Amino acid sequence: MGVSGAGKSTVGGRLAHRLGVPFTEGDDLHPQANIARMTAGSALGDADRRPWLDAVADVIRQTCLTPTGRVISCSALKRRYRDILRAAGPGVFFLHLALTPAEARARLSRRHGHFMPSALLDSQYQALEPLQADEAGVTLDADGDAETILRQAEAAIARFEDPDGQ
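Conventions used here
Residues numbered from 1 in each chain as written. Predicted model: local features only at pLDDT ≥ 70, side-chain atom pairs only at ≥ 80, totals over all residues. Heavy atoms only, no water. Axes fitted to C-alpha atoms, helices over the stretch in contact; angles between N-to-C directions. Helix = DSSP H or I, 4+ residues; strand = E, 2+ residues; numbered from the N terminus. Parallel < 35°, antiparallel > 145°, perpendicular 65-115°, else oblique. Left-handed = near helix turned anticlockwise from the far one by under 90°. Contact = heavy atoms within 4.5 Å. Buried < 20%, exposed > 50% of the residue type's maximum accessible area, 1.4 Å probe, protein only. Polar contact = N/O pair within 3.5 Å; in protein donor to acceptor, adjacent residues only side chain to side chain. Phe/Tyr/Trp six-rings, centres within 6.5 Å; stacked < 30°, edge-to-face > 60°. Nonpolar A, V, L, I, M, F, W, Y, C, P; charged D, E, K, R; others polar.

(A) Summary view of the packing of helix α1 (residues 8-19) against helix α7 (residues 146-161). Direction vectors running N to C along α1 and α7 enclose 55°, while the axes themselves pass 10 Å from each other. By the criterion of interaxial angle, the relationship of α1 to α7 is oblique. In the packing of α1 onto α7, the handedness of the crossing is right-handed. Taking contact as the criterion, the partners of V11, R14, L15, R18 and L19 in α1 are, on α7, A146, E147, I149, L150, R151, A153, E154 and I157.

(B) Fine view of the environment of L53. Within the secondary structure layout, L53 lies in helix α3 (residues 46-63). Between the C-alpha atoms of L53 and A76, which are 23 residues apart in sequence, the distance is 8.5 Å. When neighbours within four sequence positions are excluded, L53 is seen to be in contact with Y81, I84 and L85.

(C) Highlighting unusual backbone geometry. The residue A76 is not glycine, and still its phi comes out positive at about 45°. Relative to the assigned elements, A76 resides in the loop between β2 (71-73) and α4 (79-87). Accessibility expressed as a relative area gives 1% for A76, which makes it buried.

(D) Expanded view of the environment of R70. Within the secondary structure, R70 sits in the loop between α3 and β2. By relative accessible area, R70 is classed as partly exposed at 34%. Through-space distance from the C-alpha of R70 to that of A36 is 28 Å; in sequence the pair is 34 residues apart. Aside from chain neighbours lying at most four places away, what touches R70 is V21, P22, F23, T24, V59 and T63. Polar contacts involving the side chain of R70 include one to the side chain of T24, which spans 2.8 Å. Within the local environment of R70, its side chain forms a polar contact with the side chain of T63, the two groups lying 2.9 Å apart.

(E) Quick peek at the packing of aromatic side chains. Tallying each qualifying case throughout the model produces one aromatic pair. Ring centres of F93 and F160 lie 4.5 Å apart, and the angle between their planes is 35°; this geometry places the pair in the tilted category. Of this pair, F93 sits in the loop between α4 and β3 (94-98) while F160 sits in helix α7; the two residues are 67 residues apart in sequence, bridging distant segments of the chain.

(F) Region of the structure containing the packing of α3 against α4. One can describe the packing of α3 onto α4 by two numbers: an axis separation of 9 Å at closest approach and a directional angle of 30°. Our classification of the angle between α3 and α4 gives roughly parallel. In this structure, α3 crosses over α4, and the sense of that crossing is right-handed. Here α3 contributes D46, R49, R50, L53, V56, A57 and I60 to the contact with α4, which in turn contributes R80, Y81, I84 and L85. In terms of residue class, the contact of α3 with α4 is built from seven nonpolar, no polar and four charged.

Right under this line is the structure:
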């Protein structure tokens with residue numbers, strides 16, 4: 001989870017590969033109306049996000065029918081969004097890829113072919129509610145290199161899967 005440019009797709013895809021599980025790009029689950037809205041520079045509201053969150057939750061429900069697990073990239077900026085996703089199935093764990101607004105802007109300036117314009121970055125930071133102590137997950141510094149983030153993510157997942165270190 002995290003704002004645009006945090007590395008959700010890059011880290012998520014590589015993490016899924018390392019874990020040997022499928023990867024779902026959350027951006028691919030947006031309804032076309034949401035993509036058009038964001039492309040035009042309009043931020044999504046809660047009502048706009050609901051069909052997308054429901055689609056992500058459907059992927060979680062389907063994943064729960066298999067023993068494999070899955071990595072899904074998804075901004076999940078607000079607690080109530082994460083609550084919807086957690087309610088879809090047991091074992092949902094969030095990796096919040098946190099980075100400074102300056103680094104996010106720099107990354108977005110180098111990114112081409114994505115529907116999310118950098119003009120909407122401020123609205124994402126305004127909406128962002130960091131993980132709370134009672135949420136299963138960890139916040140990682142995403143300003144660093146992908147390899148370091150991946151190692152930290154794998155360690156956090158291992159602790160989540162085996163909290164007693166057994």
